[in-house]
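Structure assessment
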Amino acid sequence: SLYITKGMLSIKVILLGLLIELFFVKYFTKIDWKKASIITVLMNLITTVLGIMFIPLSGLGSEFVFDFVFHAYDKFGIGSFHWSHWLISYLLVIFINTFIEGLFIKLTLKLKPKKTFWWLLIANSISVFICFLFYV
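Heads up: these notes are all about the structure in this document.

What counts, and at which threshold
Per chain, residue numbering runs from 1 following the sequence as it is written. Restriction of local features to residues with pLDDT of at least 70 applies here, the model being predicted, together with a cutoff of 80 or more for giving and counting side-chain atom pairs; totals for whole chains, interfaces and linings are based on all residues. Note that water and hydrogens are dropped before the side-chain values are worked out from all heavy atoms of the structure. Note on conventions: DSSP H or I runs of at least 4 residues are helices, E runs of at least 2 residues are strands, and numbering of each starts at the N terminus. A simple rule labels every residue: compare its accessible area, found with a 1.4 Å probe on the protein chains alone, to the largest value its type can have, and call it buried under 20%, exposed over 50%, or partly exposed in between. The contact criterion used is simple: two residues touch if any of their non-hydrogen atoms lie within 4.5 Å. Working definition of accessibility: Shrake-Rupley area with a 1.4 Å probe, residue cover restricted to the visible protein chains. Between the first and last residue of a helix there are one fewer steps than residues, each counted as 1.5 Å, and that sum is the expected span. Residues grouped as a nonpolar core are buried Ala, Val, Leu, Ile, Met, Phe, Trp, Tyr and Cys residues, joined through side-chain atoms within 4.5 Å. Side-chain rings of Phe, Tyr and Trp, where Trp is taken by its six-membered ring, are said to pair if the distance between their centres is within 6.5 Å; with planes under 30 degrees apart they count as stacked, over 60 as edge-to-face, and otherwise as tilted.

Turning our eyes to something else, we now look at the overall build of the protein. Counting its secondary structure elements, the protein contains 6 helices and 0 strands. Overall, the protein shows an N-to-C arrangement of helices and strands of α-α-α-α-α-α. With 136 residues in all, the protein has 41% of them scored as buried. The contacts of the protein with a sequence gap of at least 6 include a subset with a gap of at least 24, amounting to 64%. Surface summary for the protein: the accessible area is close to 8400 Å², and the carbon and sulfur share equals 77%.

This paragraph deals with helix 6 (residues 113-134). With 22 residues, helix 6 extends 30 Å from end C-alpha to end C-alpha; this agrees with the ideal 32 Å at 1.5 Å per step. Within helix 6, burial applies to T116, W119, L120, L121, A123, N124, S125, S127, V128, I130 and C131.

All right, on to the nonpolar core then. Soluble, globular proteins show a tendency: their nonpolar side chains are buried together. With 17 residues, the main nonpolar core has V25, I31, I39, M43, I105 and W119 as its most contacted residues. Of all elements in the fold, only helix 2 (11-29), helix 3 (33-69), helix 5 (83-109) and helix 6 reach the threshold of two or more residues within this core. With near-sequence residues (within four places) excluded, I39 lies in contact with V25, I31, F104, I105, T108 and L109. Listed in part, the 6 residues of the second largest apolar core include Y90, V93, I94 and L121.

As a further point, take the packing of aromatic side chains. This structure, assessed with the given rule, holds 7 aromatic pairs. On the numbers, 5.3 Å between centres and 5 degrees between planes, the contact of F28 with W119 is stacked. A residue pair is termed long-range when its members are at least 10 positions apart, and F28 in helix 2 and W119 in helix 6 qualify at 91 residues. Ring centres of Y90 and F129 lie 6.3 Å apart, and the angle between their planes is 75 degrees; on these two criteria the pair is classed as edge-to-face. Separated by 39 residues along the polypeptide, Y90 in helix 5 and F129 in helix 6 bring together distant segments of the chain. Here F129 falls in the partly exposed class, since its relative accessible area comes to 39%. Joined through ring pairs, the aromatic side chains of F24, Y27, F28 and W119 make up one cluster.

Structure representation (structure tokens):
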């Protein structure tokens, strides 16, 4: 989750993520390019501000769940930095971003979450993966 947070602060990752999500917003909402650009920038600004706080906490939470609740290291030898923790952090970030951006789109464009969930999930999966790739 720290790699993802660091990637969120990189200009090249931010621009690439915005471009990817802009195309998703434009295509699926059927709004003009100017409005799609504004919506994309604003929803990503909100998720970035909240993400700087929540993404490291989600990584800490996954460590807590795996190591303290399930005693994963004792039972299976799964300690910190195991691929399973990276996967959980990645999935948590995607779902957190999708939820926040979906709520934003619901409030601004009056689209139902049922209509936005899957394309936002795919767009966020790609954007978060880019954050991860640039800093692994």
